[in-house]
Amino acid sequence: MKRLTKMAAFAALLTAGFTACSSDDEVNTTTVEGTQEALNQACADWKTARADWEQSEAFLFGAADEYSIDPHTDTWPVAANDLADVLRDAEAMSNIDNFIKTANAGILGYHGIEYVLFRKGEPRKIDQITELEYKYISAVAKDLYNATATLEAAWDSQERNSERHQIAVTYVATHLAIDDDGNQEGALSGLTNYGKAFKNPGTGQWETALDATREIISGCQDIIGEVGDSKIGLPYTGQDASYIESPYAYNSIIDFHDNIVSCRNALYGGVGATTPSQNSLLYFCLNSGNSTLQHQAQNVQNKLETALTKILAMKYPFALNYSDNSCKVAIDALGELDDALGEMDETLKGFADNSTVQTQCQKINENYVDNVVVATYRTLADHAYQLYQSIQKIQTK
């Protein structure tokens, strides 16, 4: 995933507010008229919507990458100084819905909203939220819903929700691609149905059914590597102590765990699956009749469950305990899981000319699209909309 490469020190980010705005006489620092109860509910709904996103990160290939939805909605750490500047920018705030379509990704998405709603793992006090902050997160939450609706529409091979399909068409026509520094760099391509392409090899970027099935493994390995090497590893090793995800909500460990749950869902063939379903990749490997593949699949399953356990055993909150040895234990477990998946993938690659395997892969892929990817994205969009509605209810006037 794309993350900002130039950040302020983590300690400054963690304690920062929008106090800089209050020193500028031309900036409106009036606080929002609302209730703490409504703000608390928005925080709870942020965590729900956040979990859905993190459980989608094993399949960031396709629409999330092609349309820059991943960096647009999930760049971190927050560029706090840039965000404070936006709240001083009368032109940007007067046209905020359009502004955020082309703004630097470091002030948008889940973490832009998190930065306003949370401090030190708790909801902020309602009398600390300014009207400008509220106006900003309302627009960002609406944009977040449109992005998640686009993901659902781009993967739903049956195109069952015409409203979200139209949102997707509009989204790719009005948003821009994002470079590695979070900046916009050009128009997006037209809407593609990745669900149809994944189910029908040879019609898109996957030439065979096995190619698509192996993409499931690749997607898992991408997020496993990111969690172990970057999300946990960069702070733990001291390479970058500012590289901490969800630091204001103290949600980091939950984020890491949900990332690996996304791998379990992908490999087990269903959202919330605790054992491999019949049309899942792991079930096929476990019951393939090939002793090498069976052994490798069992190893993957064991390493997967171990990694989940070790992440939950990390010392909370990660934002304050990122150098604890429990982090190293989790990193090692993730490395072993990555290695196990690599071995299984290498064996699967050898079946490229096996028509029986290709036929079974077709079933795996169809199940994966419908019961993992689309099911996740549909819930993601539903909960993103719920978050947007909750934010709308914070203001009572």
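Residues numbered from 1 in each chain as written. Predicted model: local features only at pLDDT ≥ 70, side-chain atom pairs only at ≥ 80, totals over all residues. Heavy atoms only, no water.

(A) Structural detail: the packing of aromatic side chains. Per the stated rule, a full pass over the model turns up 20 aromatic pairs. Centre to centre, the rings of Tyr67 and Tyr194 are 6.4 Å apart; their planes meet at 70 degrees, and the pair counts as edge-to-face. Here Tyr67 is found in the loop between helix H4 (63-66) and helix H5 (69-74), whereas its partner Tyr194 is found in helix H12 (residues 194-199), with 127 residues between them in sequence. Given the relative accessible area of 1%, Tyr67 is considered buried. One aromatic cluster is present, built from ring pairs that chain together Phe59, Phe61, Tyr67, Trp155, Tyr194, Phe198, Trp206, Tyr368 and Tyr377. (Phe/Tyr/Trp six-rings, centres within 6.5 Å; stacked < 30°, edge-to-face > 60°. Helix = DSSP H or I, 4+ residues; strand = E, 2+ residues; numbered from the N terminus. Buried < 20%, exposed > 50% of the residue type's maximum accessible area, 1.4 Å probe, protein only.)

(B) The arrangement of the state of the cysteines in detail. A full pass over the atoms with the stated rule returns 0 disulfides. Cys220 takes part in no disulfide bond, and the closest cysteine sulfur, belonging to Cys263, lies 4.0 Å away. For Cys220, a relative accessible area of 0% gives the class buried. (Disulfide = S-S within 2.5 Å.)

(C) Representation of the confidence of the model for the chain within the structure. Mean pLDDT over the chain works out to 92, with 93% of the residues at or above the 70 mark. Across residues 4-25, confidence stays below pLDDT 50; counting only partners more than four residues off in sequence or on other chains, it has 48 contacts. (pLDDT = per-residue confidence, 0-100. Contact = heavy atoms within 4.5 Å.)

(D) Seen up close, the nonpolar core. Counting 119 residues, the largest nonpolar core has Ile113, Leu117, Tyr136, Trp155, Ile232 and Met344 as the members making the most contacts within it. With 13 residues, helix H19 (residues 355-392) is the single largest residue contributor to this core. If we skip the residues at most four places from it in the chain, Trp155 touches Phe61, Gly62, Ala63, Asn193, Tyr194, Gly195, Phe198, Trp206, Val369, Val373, Val374 and Tyr377. (Core = buried A, V, L, I, M, F, W, Y, C linked by side-chain atoms within 4.5 Å.)

(E) Representation of the packing of helix H9 (residues 109-117) against helix H10 (residues 131-155) within the structure. Put simply, H9 and H10 touch, their axes get as near as 9 Å, and they point 150 degrees apart. Overall, the two elements H9 and H10 adopt an arrangement that is roughly antiparallel. For the element pair H9 and H10, the recorded crossing hand is left-handed. For the pair H9 and H10, the contacting residues are Gly109, Tyr110, Gly112, Ile113, Val116 and Leu117 in the first and Glu133, Ile137, Val140, Ala141, Leu144 and Thr148 in the second. Here the contact of H9 with H10 is composed, by residue class, of 8 nonpolar, 3 polar and 1 charged. (Axes fitted to C-alpha atoms, helices over the stretch in contact; angles between N-to-C directions. Parallel < 35°, antiparallel > 145°, perpendicular 65-115°, else oblique. Left-handed = near helix turned anticlockwise from the far one by under 90°. Nonpolar A, V, L, I, M, F, W, Y, C, P; charged D, E, K, R; others polar.)

(F) Examining unusual backbone geometry more closely. With an omega dihedral of -5 degrees, the bond running from Trp76 to Pro77 counts as a cis peptide bond. Following the sequence through the fold, Pro77 ends up in the loop between H5 and helix H6 (80-86). Phi is positive for Ser68, which is not a glycine, with a value near 55 degrees. Secondary-structure assignment places Ser68 in the loop between H4 and H5. Exposure remark for Ser68: the relative accessible area of 4% places this residue in the buried category.

(G) A look at helix H11 (residues 162-174). Under the 1.5 Å per step criterion, the end-to-end length of H11 is 18 Å for 13 residues, consistent within 8% with the ideal 18 Å. The complete set of buried residues in H11 reads Arg164, Ile167, Ala168, Tyr171 and Val172. Projected onto a plane normal to the axis of H11, the buried residues spread over an arc of 125 degrees and lie on a single side. Away from its buried face, by an angle of more than 90 degrees, H11 presents the exposed residues Ser162, Glu163 and Ala173. Residues of H11 that are buried make contact with H5, H10 and H19. (Expected span 1.5 Å × (residues − 1). Arc of directions from axis to C-beta.)

(H) Spotlight on the pattern of salt bridges. Applying the stated rule across the entire model yields 19 salt bridges. Between Asp74 and Arg50 there is a salt bridge, with its nearest N and O atoms 2.7 Å apart. Highlighted residues: Asp74 in helix H5 and Arg50 in helix H3 (residues 36-54), separated in sequence by 24 residues. Residue Asp74 shares its accessibility class with Arg50, and that shared class is buried. Between Glu346 and Lys349 there is a salt bridge, and its shortest N-O distance comes to 3.3 Å. Of this pair, Glu346 and Lys349 both sit in helix H18 (residues 325-349), 3 residues apart, which is roughly one turn of that helix. Residue class for Lys349 comes out partly exposed when judged on its relative accessible area of 38%. Salt bridges sharing partners connect three or more residues here, namely Arg50, Glu54, Glu57, Asp74, Lys231, Glu245 and Asp255. (Salt bridge = Lys/Arg side-chain N within 4 Å of Asp/Glu carboxyl O.)

(I) Focus on the side chain of Asp156. Positionally, Asp156 belongs in the loop between H10 and H11. Once residues lying within four places of it in the same chain are set aside, the contact partners of Asp156 are Asn161, Asn193, Val374 and Arg378.

(J) Structural detail: helix H16 (residues 291-312). For H16, built from 22 residues, the straight-helix expectation of 32 Å at 1.5 Å per residue is met to within 8% by its first-to-last C-alpha distance of 32 Å. Turning to H16, its buried residues are Leu293, Gln296, Ala297, Val300, Gln301, Leu304, Ala307, Leu308 and Ile311. In an axial view of H16, the angular spread of the buried residues amounts to 145 degrees, which keeps them on one side of the axis. Set apart from the buried face of H16 by more than 90 degrees, the exposed residues are Ser291 and His295. Buried-residue contacts for H16 involve helix H14 (252-268), helix H15 (281-286) and H18. For H16, the N-terminal capping position is held by Asn290, with its side-chain oxygen 3.1 Å away from the main-chain nitrogen of Thr292. (Polar contact = N/O pair within 3.5 Å; in protein donor to acceptor, adjacent residues only side chain to side chain.)

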